[in-house]
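Observations on the model geometry
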Amino acid sequence: MLSFFEHYAGLFIFPVMALFLSLVFTGICIRLLPKLGYIDKPGGRHIHAKPIPRGGGIAVILAFFIALFFFALDSKLAEGGMKLFARLAVPATVLGILGMLDDRFELKSMVKLLVQILVAGIIWFSGDELRYVVCGIELPWFVSLILCAVWVIGIINAFNLIDGLDGLAAGLAIVSSCCMAIWFLIGGGNPAGAVCMLIMAGACLGFLRYNFHPARIFLGDTGSTFIGLIFAVIGLSTIDRVVTFTSLLLPLLAVGVPLFDVCLAIWRRSTRKLLNPEAGGIMDGDQDHLHHRLLRQTRKQTTAALMMYLLACLFSAVALAFLLLRDSAPAIAYMILLVAVVICVRRLAVVELYDSAELIKRGLSKPHRGVLMTMTHPFIDFLIVTCSALVSCFFMTRTLPTFQLFLFFFVPVAVTLCCSKTYRVYWLRAGLYNYWHLAIMLGMGSVVSILLLYVFKFPYLVNDYGTNHTRFVSGAMLFVLFNIVLVELERFMLNYAENFLFRKLYLQYQPVDRVLKTLVYGGGLNCRLYIGYLFSHAWGERPEELVGMLDDDPALQGFYVYGVKVMGGVQDLEEIYRKTPFDKVIIATDLASREKVDRLSAFCREHKIEITKFCLAESSDPSMFCPIAEHRDFVPGQIVPSTAVSASAAEPACLSTKKPEA
């Protein structure tokens, strides 16, 4: 027991010391800072309703360094304690002075950026001029310096931008500190780093006592930039001099929420600048950070902050799981990471995905840009074939191919694609035959590549690389499979984005009360045409969202038809409406009996539900020959009155929605 206490007492004593010091200093700052002019007034992008002292980060800084100094004096607990203290003290002092001046006088962004670059330079030189090796190549000193500056400035500003709710930055710092401390203890070899992170957690916990909603004091730039600095420096110490994906990934996940938020901000603001040249730039603030979105949804700062804490815990759990599995089960570790990234982007980046979809949609709506996208297909295909060749050759030879081997893989596939009229297809409007033809051409070109490689180069592969028939056949199958799957997937994703994803993101971005919940009646060909029409054209004032389908065929009920669930027949309307309320019914069939239509119409009148019919017909009316946009009385989303139509094979087709006759 005594031995355990001697070795691990520092994990408890010094963080508790930082906690009590932070409580005392924060209480003093609440009384002293307003007298010195450190007041954050409400208004603008601020969400607090009354003046609150800011610059309270100085209490966190003092508590952190006093506790760290006493830890550094005890050489029995950590030999590198004093060195760590000295490495952190100088840049923290410079950044702390900048923060106090900014909280008092609100300095310009360029001034703050220049000082942050200076701080990054100090950190780089204090780390014995950090040099990194990537893919076996030692980076030049100036490249290492630039990467160090990007790392430090990025993490500093990530915590600065996330500090938008009461207690948010301090709470996230506590979660990230605990994650990194556990990481240091599990990985071993860095007790000083573990104690340093726990001291940071203690200092932030003491401040959080006064900073949680309703806040009595704010961190200000003094505190948020200091927290980011500590994580930047400690994170650099965890990255191996021989940089690997794993050594870089773990510190990124530990501070995942602030970094994810700043990446979303850059993505969002860049996209909006492209959409509207008069919009603000990357450095201009907005109200679409993650915590702003949660606040709009929950309408409570406490709930929004706790949800952000939970998200940070999930990032930390992924980081620790990756740490535990990276050696024993690396495939599972990377699978967990991939799933986590996909879920985060899909669930949390709705605004950014919608803006990007709108940008792409506007680009595709202009013919010359659509043609430009078509012209990029050869470059994308050749890049995919190149990657497939590298992977397949590495599988065969356990090394990257020579230029001559690469040509055997690449040239036959490229020539086949160029001669097959594949690039004469406008892939935004491609049919199933075009996809089948592309797959056949890719398969033929890949097989020709493999045959030529076997006839002319297989003895060379056997003699120089020890390739056997099993490895050769496996690599060949990978080459054929990768080419077909990846090229087809690129074409499919393009069509999926235009015909489905854009509209789905558009609906998610709309207020709930603006979206018209629609039920379609009939699961035949007209229904398929209506769904295509809806997803391609219906972007009006009140967009429609299909919530289900009605069909009187018992064999279809409970199944999905054209991606929409058949919820029942006309006789089930009451139960369907009770479980899934809807605002509109579209009749997309001509086979329904008069009794069914009358019953449906009566139900809609009773519940004040809009009902229309989707028609596919031909017209001999000359006024219909011109484009719809030229009709002066045409309004998108307006119901077209019922008109008599005549059928003729030589006459143009007309799509319309109309009210059913009484």
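Here's a quick rundown of the structure. (Residues numbered from 1 in each chain as written. Predicted model: local features only at pLDDT ≥ 70, side-chain atom pairs only at ≥ 80, totals over all residues. Heavy atoms only, no water.)

1. Notes on the packing of aromatic side chains
Rules: When the centres of two rings from Phe, Tyr and Trp lie within 6.5 Å, Trp using its six-membered ring, the rings pair. Their planes under 30 degrees apart give stacked, over 60 give edge-to-face, and anything left gives tilted. Accessibility here uses a 1.4 Å probe with only protein chains present; expressed as a share of the type maximum, an area under 20% marks a residue as buried, one over 50% as exposed, and anything in between as partly exposed. Under the DSSP-based scheme used, a helix requires at least four consecutive residues in state H or I and a strand at least two consecutive residues in state E, with every element numbered from the N terminus.
Following the criterion strictly, the structure yields 24 aromatic pairs and no others. With centroids separated by 5.8 Å and ring planes inclined at 10 degrees, the aromatic side chains of Trp 183 and Phe 184 adopt a geometry described as stacked. An identical accessibility class is assigned to Trp 183 and Phe 184; each is buried. Their ring planes at 70 degrees and their centres at 5.5 Å tell us that Phe 382 and Phe 410 sit as a pair that is edge-to-face. Highlighted residues: Phe 382 in helix 16 (residues 367-397) and Phe 410 in helix 17 (residues 403-419), separated in sequence by 28 residues.

2. Considerations on unusual backbone geometry
Omega for the peptide link from His 213 to Pro 214 comes to -5 degrees, which places this bond in the cis form. As for its position among the elements, Pro 214 is in the loop between helix 8 (191-211) and helix 9 (220-238). Unlike most non-glycine residues, Arg 398 shows phi in positive territory, near 65 degrees. Classification of Arg 398 as partly exposed rests on a relative accessible area of 49%.

3. Focus on a nonpolar patch on the surface
Threshold: Candidates for patches are residues over 30% relative accessible area with no salt bridge; among them, like charges are joined within 9 Å and nonpolar side chains (Val, Leu, Ile, Met, Phe, Trp, Tyr) within 5 Å. The Shrake-Rupley method, run with a 1.4 Å probe, gives the accessible areas here. Residue values count only the displayed protein chains as cover. By convention in these notes, a salt bridge is any Lys or Arg side-chain nitrogen within 4 Å of a carboxyl oxygen on Asp or Glu.
A contiguous nonpolar patch, built from Leu 481, Val 485, Leu 486, Leu 489, Phe 492 and Met 493 and spanning about 520 Å² of accessible area, is present on the exposed surface. Structurally, Leu 489 can be placed in helix 19 (residues 469-509).

4. Regarding the pairing of strand 8 (residues 564-568)
The criterion, for reference: Strands qualify as paired when DSSP identifies two bridges or more between them.
Strand direction decides the pairing type here: strand 6 (residues 544-550) and strand 8, joined by two bridges, are parallel. In the strand pairing of strand 8, Met 549 is matched with Val 566. In this structure, strand 7 (residues 560-561) lies alongside strand 8, joined through two bridges in antiparallel fashion. From the neighbouring strand, Val 561 faces strand 8, where its bridge partner is Val 564. The antiparallel pairing of strand 7 with strand 8 creates a hairpin that spans two residues between the two strands, and Tyr 562 there sits at a positive phi of about 55 degrees.

5. Overview of the nonpolar core
Threshold: To define a nonpolar core, start from buried Ala, Val, Leu, Ile, Met, Phe, Trp, Tyr and Cys residues and group those joined through side-chain atoms within 4.5 Å. Whether two residues touch is decided by their heavy atoms; if any such pair falls within 4.5 Å, the residues are in contact.
Core analysis: the largest hydrophobic core is formed by 107 residues, its most contacted members being Phe 64 and Phe 65. Per element, the largest residue contribution to this core is 14 residues, and it comes from helix 8. Those residues in contact with Phe 64 that sit more than four places away from it in its chain are Leu 88, Cys 196, Ile 199, Met 200, Ala 203, Phe 226 and Ile 230.

6. Observations regarding the pattern of salt bridges
Inspection of every chain in the model, using the stated rule, returns 15 salt bridges. Between Glu 352 and Arg 293 there is a salt bridge, with its nearest N and O atoms 2.3 Å apart. Separated by 59 residues along the polypeptide, Glu 352 in helix 15 (residues 350-364) and Arg 293 in helix 12 (residues 290-298) bring together distant segments of the chain. Just as Glu 352 is buried, Arg 293 falls in that class too. Here Asp 598 makes a salt bridge to Arg 594, at a shortest N to O gap of 3.7 Å.

7. Quick word on the side chain of Asn 160
This is how it is decided: As used in this structure description, the phrase polar contact means that two N or O atoms lie within 3.5 Å; if the pair is within protein, one of them must be able to donate a hydrogen and the other to accept it, and residues adjacent in sequence are counted only when both atoms belong to side chains.
Its place among the elements puts Asn 160 in helix 6 (residues 141-162). Using a relative accessible area of 19% as the deciding quantity, one classes Asn 160 as buried. Separated by 3.1 Å, the side chains of Asn 160 and Ser 224 make a polar contact. Excluding residues that lie within four positions of it along the chain, Asn 160 makes contacts with Asp 221, Ser 224 and Thr 225.

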